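Inside the fold
Below are the chains, spelled out letter by letter.
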Amino acid sequence: MDSSTVIGWTGEDELYISPEDQFKYFFQTGQSFINNLAVELGNENSSLRLSLTDQRSSGIMPTNNLSRQTFSVRGFTRQNIFEVDAKFTYVHHDVENRPILMENGGNAPLSLSILPRNISAQSLEENTTDEFGNEKTWLLDETFGNPYWMLENQGNNDIRDRYQFSFSIKTDITKNLYLLLRSGLDQAIVEDKNWTNKGTKTASNGRGNYSHSMNNRSEWNSDFLLSYDNSAGQFSYGISLGGNYRIDNYTSINQWGSGLQIPGYYHISNLSEFYTNEYSSRYEVASLYALGNVSFKDALYFDLTYRSDWSSSLPSDKNQYDYYSLNLSWLFTNTFSLPEWLSSGKLRGSVALTGNDTSPYRLENVYNVIQSPLPYSMVSIPGELKTPDLLPETNHTWEIGTDLGFIDSRLIFNLTYYYSLAENQIMSVPIPISTSYSSKVLNSGEVQNSGIELQIDAILISRPSGFNWDATLMYTKNNSEVKSIHPDLNSIILNSAWHATIEARPGEEYGLIYGYDWKRDANGN
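A word on the overall build of the protein chain
Looking only at helices and strands, one finds four helices and 26 strands in the protein chain. Taking 24 Å as the expected radius of gyration for a compact globule of 525 residues, we find that the protein chain reaches 31 Å, considerably beyond that expectation. With the principal axes as the frame, the protein chain shows a C-alpha extent of 95 × 65 × 65 Å. Residue burial in the protein chain is summarised as follows: out of 525 residues, 30% are buried. Expressed as a percentage of contacts within the protein chain between residues at least 6 apart in sequence, the contacts between residues at least 24 apart total 59%. Total accessible area on the protein chain is roughly 32500 Å²; 55% of this is exposed by carbon and sulfur atoms.

Take a look at the structure:
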């Protein structure tokens, strides 16, 4: 680059040089300001705390901003045999212009990074619009655009309001027996907008686009717990009975379209063509469970759990699944007199069976209603073929291990060997397009995992002055094998990108990547 005078991308004379600090010119220094105000009141039986936090942040992209306000209040009181605890939290979250990522035509930093060395960011900033009011860029195609046009003519905004409320009451029925009742709601309301102005070369053939969505998601949990604990001689024991009821609700309304009639006016009514979609779902799970534990001489511990779930996402005659766990541990350093350099030693083992359901509405085939101006109804079939007799997933696991502490626990070893076998996994597997569907949901496959986990923690330096130096070394080794899949399938494609697929094949590791290679002769050609 010899500093000679050449005709630049704008058609004007310019020096043939390489501009400096292109990214420094485009980006800005991000900033964040957080302020908090809290008030606490209380006495020996009751307490109340209120907190208000305000956060204002600006990102390294010039138009990226965040505003978040959090209000929380919590009260607690103890009166005779009753304890009452209540908490409410509200979070308002407003984000402007999250950066667009990946190989997207709207990715401004990516468009900046592929600039020829003689084109400056300043020249792009000074030449964003052509004589027709459209985007002006140095490229002849529509792959990438002018990053400064993007800052002014494309954007997004998401506003989230989240409400969390919980209330519990606990009563001591006797000295060793108590009852806990609890309920809580977690709700999030999200409004999301995305827009691209008319004249943008990289989107909707320059016609502009706009989308607006409203989502409301809530989870309501209510449960009870009756718990008893006691001791007899050198034995301590406890037992608990409980239940939970969970309700998930989700609703969404989405509108989107293209063809802005008035440039820069982002509204559904300003689109020449637009579409609407509405969705709602409800999911419920009821649970009953029991827990028990016994300990002897603070050395031998045994824990047992058992739980049954009834899920609305499974067939009514097969919607119950049970799971349990048994855990045994022995602190042998509390049983025998051992050398002082062995601070602690534990042997442990466990066996468990866990269950799982699936997301709602995967049992019956339904039609999708198509938005149409025609005088008659139009419907389509979804891409996934449902299965009315789905079974719950199960996972059998067991593990053994040891925890050893040396030299006043300055050196700690944790070693575990584990094994698991997952059965009746619920998957959406590809099927021939001639069926009019692209995939089918079914119970397919058994996957086995086994391996070891080793963790070593060491306190290298510990000084009374407060200077400490700790170190942790971790090693894990997992052996995975797909034991079987549905008999009508040779493999299950879990994901794909370009010419590569992630698959589950019998006899192979789960999730191996498969792709194409050149066919070669005996000489490797």
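Right, picking up where we left off after that structure.
Let's talk about the nonpolar core
Judged by nonpolar contacts, Trp-9, Phe-26, Met-61, Ala-108, Leu-112, Leu-115, Ile-119, Ala-121, Leu-124, Tyr-148, Met-150 and Leu-151 together constitute the single largest core of 12 residues. Those elements that provide at least two residues to this core are helix H2 (108-113), helix H3 (121-126) and helix H4 (147-153). Counting residues per element, this core draws most heavily on H4, at three residues. For Phe-26, the contacting residues outside a window of four places in its chain are Met-61, Pro-62, Ala-108, Leu-112, Pro-147, Tyr-148 and Leu-151. If you look at the next biggest cluster of nonpolar residues, it comprises eight residues, including Met-427, Leu-442, Val-482 and Ile-485.

Quick word on unusual backbone geometry
One non-glycine residue with positive phi stands out, namely Asn-80, at about 55°. As for its placement among the helices and strands, Asn-80 is situated in the loop between strand S5 (65-79) and strand S6 (82-96). Note on Asn-80: relative accessible area 78%, which makes it exposed. Positive phi outside glycine occurs at Ser-409, with the angle close to 60°. Counting through the fold element by element, Ser-409 comes out in the loop between strand S18 (393-406) and strand S19 (411-423). According to the relative accessible area criterion, Ser-409 is partly exposed, its value standing at 31%.

Points about the environment of Leu-112
Looking at the element boundaries, Leu-112 is found in helix H2. The spacing of Leu-112 and Pro-375 is 263 residues in sequence and 49 Å in space, taken between C-alpha atoms. With near-sequence residues (within four places) excluded, Leu-112 lies in contact with Gln-22, Phe-23, Phe-26, Ala-121 and Pro-147.

Some details on the side chain of Ser-57
One can find Ser-57 in strand S4 (residues 46-58). Residue Ser-57 is classed as buried on the basis of its relative accessible area, which comes to 16%. Of the polar contacts made by the side chain of Ser-57, one reaches the side chain of Ser-32; its length is 2.8 Å. Contacts of Ser-57, omitting those with residues within four sequence positions, involve Gln-31, Ser-32, Asn-64, Asn-65 and Leu-66.

Section: the packing of aromatic side chains
Scanning the model with the defined rule gives 16 aromatic pairs in all. In this structure an aromatic cluster arises from ring pairing among Phe-23, Phe-26, Phe-27 and Tyr-148. Over the aromatic face of Trp-9 sits the side chain of Lys-136, whose NZ or CZ is 5.9 Å from the ring centroid.

Analysis parameters
- Residues numbered from 1 in each chain as written.
- Predicted model: local features only at pLDDT ≥ 70, side-chain atom pairs only at ≥ 80, totals over all residues.
- Heavy atoms only, no water.
- Helix = DSSP H or I, 4+ residues; strand = E, 2+ residues; numbered from the N terminus.
- Rg over C-alpha atoms; globule rule 2.2 N^0.38 Å.
- Buried < 20%, exposed > 50% of the residue type's maximum accessible area, 1.4 Å probe, protein only.
- Contact = heavy atoms within 4.5 Å.
- Areas by Shrake-Rupley, 256 points an atom, 1.4 Å probe, with all protein chains shown as cover.
- Core = buried A, V, L, I, M, F, W, Y, C linked by side-chain atoms within 4.5 Å.
- Polar contact = N/O pair within 3.5 Å; in protein donor to acceptor, adjacent residues only side chain to side chain.
- Phe/Tyr/Trp six-rings, centres within 6.5 Å; stacked < 30°, edge-to-face > 60°.
- Lys NZ or Arg CZ within 6 Å of the ring centre and 35° of its normal.

Remember, this is a structural readout, not a statement about activity or role.
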